[in-house]
Amino acid sequence: MSVLVNKDSKIIVQGFTGSEGTFHASQMIEYGTNVVGGVTPGKGGTSHLDRPVFNTVKDAVDQAGADTSIIFVPPAFAADAIMEAADAGIKVIIAITEGIPVADMIKANNYVKKRNSRLIGPNCPGVITPGEAKVGIMPGFVFKKGTVGIVSKSGTLTYEAADQVVKQGLGITTAIGIGGDPIIGTTTKEAVELLMNDPETEAIIMIGEIGGQLEADAARWVKADGNRKPVIGFIAGETAPAGRTMGHAGAIVGGSDDTAAAKKQIMRDNGIHVVDSPAEIGKKVKEVLG
């Protein structure tokens, strides 16, 4: 059991023959991910990395049975790539591209929601189910199979948390990098909910950052859901100067509830085990799982 991606996922790469697509697709294939091909308009019928290239996502769905897509398309065309994937019936769309215009993402996000597809990202590291599928840009060797799920706005903190969990003798069910942009397809709450409903996940690490309401919404949902599984939380950006936009496009403090201190308090009030430093994540998970 896993969420979003597993060994049976049939994955295509949009932007397959570009430099980013080529590099990360080859890493995914090396990891053992079931990459069934890729899409580069105009190059259909050729082969790349010993996989077929298709002109359209629909061709990849019809001919290779693709159900999952990872997108390495330049920002100006990435929203169209997302909508094309949804239109072709792809169920899980993972957009790695950074810098997609917000207006484009609003349109693409609404389009995906109407088509029963799940969008992860954009501006995210992707999703990994250790030992089964790496659909993203994360270093696969860091992740070992286990019972801890990860939901994170930060790519590097996803890898850091996984490394700490593994060093405690534990492992990961699925790690979901949701992305740090203002408009993302899957929220913290939705990703936590997926892991909460996964029978193999025993604890969830939730990594957020200053700005926005995503972590507060997730924390309130966890409590309303009955705190069925322990959630370990960390918020990045405690030392950010007030009123300054930093890092991710979504890390903009708009009000008193958006600061790290306020978010951590909301999380604690809703039964989440909050750590003050990312260095404490692994130890806290071990302690909570006993």
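As shown above, the structure is provided for reference.
Reading guide: rules and limits
- Residues numbered from 1 in each chain as written.
- Predicted model: local features only at pLDDT ≥ 70, side-chain atom pairs only at ≥ 80, totals over all residues.
- Heavy atoms only, no water.
- Helix = DSSP H or I, 4+ residues; strand = E, 2+ residues; numbered from the N terminus.
- Rg over C-alpha atoms; globule rule 2.2 N^0.38 Å.
- Buried < 20%, exposed > 50% of the residue type's maximum accessible area, 1.4 Å probe, protein only.
- Contact = heavy atoms within 4.5 Å.
- Areas by Shrake-Rupley, 256 points an atom, 1.4 Å probe, with all protein chains shown as cover.
- Arc of directions from axis to C-beta.
- Polar contact = N/O pair within 3.5 Å; in protein donor to acceptor, adjacent residues only side chain to side chain.
- 1 Å grid on protein atoms, 1.4 Å probe; cavity = no way out; pocket = protein on both sides within 12 Å on 5 of 7 lines; lining within 4 Å.
- Points joined across faces, edges and corners; volume = space filled by probe spheres on them.
- Nonpolar A, V, L, I, M, F, W, Y, C, P; charged D, E, K, R; others polar.
- Core = buried A, V, L, I, M, F, W, Y, C linked by side-chain atoms within 4.5 Å.
- Pairing = 2+ DSSP bridges.
- Right-handed = clockwise from strand over helix to strand, strands pointing away.

## Description of the overall build of the chain
Consideration 1: When you go through the chain residue by residue, the secondary structure sums to nine helices and 14 strands.
Consideration 2: Its C-alpha atoms give the chain a radius of gyration of 18 Å, near enough to 19 Å, the size a compact globule of 290 residues would have.
Consideration 3: Here the C-alpha coordinates of the chain stretch approximately 55 × 40 × 30 Å along the principal axes.
Consideration 4: Split into buried and exposed, the 290 residues of the chain put 52% on the buried side.
Consideration 5: For the chain, long-range pairs separated by at least 24 residues make up 73% of all intrachain contacts whose partners lie at least 6 apart in sequence.
Consideration 6: For the chain, the computed accessible surface area is about 11,700 Å², with 52% contributed by carbon and sulfur atoms.

## Some details on helix α6 (residues 188–196)
Consideration 1: Residues of α6 that are buried: T188, A191, V192, L195 and M196. Angular distribution of buried residues about the axis of α6 spans 140°; they occupy a single face of the element.
Consideration 2: Turning to α6, the residues buried within the fold contact β10 (145–152), β11 (172–177), β12 (203–209), α7 (214–224) and β13 (231–236).

## Some details on the environment of S26
Consideration 1: Among the secondary structure elements, S26 is positioned in helix α1 (residues 19–31).
Consideration 2: Measuring from C-alpha to C-alpha, the distance between S26 and D50 comes to 10.0 Å, with 24 residues separating the pair along the chain.
Consideration 3: In terms of polar contacts, S26 uses its side chain to reach the backbone carbonyl oxygen of F23, at 2.7 Å.

## Notes on the layout of surface pockets
To locate leftover empty space, one rolls a probe as large as a water molecule over the atoms.
Consideration 1: Estimates place the volume of the largest pocket at around 260 Å³.
Consideration 2: As for the largest pocket, its lining consists of 17 residues, of which I96, T97, E98, C124 and I137 are closest to the centre.
Consideration 3: Classifying every residue of the lining of the largest pocket gives nine nonpolar, five polar and three charged.

## Details of the nonpolar core
Consideration 1: Counting residues in hydrophobic clusters, the biggest one holds 43 residues, and the most contacted among them are L4, V13, I70, I94, V135, I176 and V192.
Consideration 2: By residue number, the principal contributor to this core is α7, which donates five residues.
Consideration 3: Discounting residues that sit within four places of it in the chain, I176 has contacts with V3, L4, I120, G126, V127, I150, V151, S152, A191 and L195.

## Considering the environment of K153
Consideration 1: With respect to the secondary-structure elements, K153 resides in the loop between β10 and α5 (155–167).
Consideration 2: It is 26 Å that separates the C-alpha atoms of K153 and D8, two residues lying 145 residues apart in sequence.

## Let's talk about the pairing of strand β5 (residues 68–71)
Consideration 1: Here β5 shows a buried face lined by T68 and I70 and a second buried face lined by S69 and I71.
Consideration 2: Sheet analysis places strand β1 (residues 11–14) next to β5, joined by four bridges and oriented parallel. Pairing of I12 across the sheet is with S69, part of β5.
Consideration 3: With four bridges connecting them, β5 and strand β6 (residues 92–95) associate as parallel partners. Among the inter-strand pairings, T68 is bridged to a residue of β6, identified as V92.
Consideration 4: Following the backbone out of β5, through helix α3 (residues 75–87) and into the adjacent parallel β6, one traces a crossover that is right-handed.

## Here's the deal with the sheet that holds strand β7 (residues 118–120)
Consideration 1: Spatially, seven strands are ordered β3-β4-β2-β1-β5-β6-β7 in an open sheet, and the strand pairing comes out mixed. Looking along the sheet, the strands with just one partner apiece sit at the ends: β3 (47–48) and β7.
Consideration 2: When β6 meets β7, the two strands line up parallel, connected through three bridges. Its bridge partner lying in β7, I93 is registered against L119.

## Description of the pairing of β11
Both faces of the sheet carry side chains from a regular strand, because those side chains alternate between them.
Consideration 1: Counting buried positions along β11 yields six of six residues, so the element is predominantly enclosed.
Consideration 2: Sheet topology places strand β8 (residues 126–129) next to β11; three bridges connect them, and they run antiparallel. Directly across from I128, in β11, lies its bridge partner A175.
Consideration 3: Note that β10 and β11 share five bridges and pair parallel. Among the inter-strand pairings, I150 is bridged to a residue of β11, identified as A175.
Consideration 4: The handedness of the β10 to β11 crossover, carried by α5, is right-handed.

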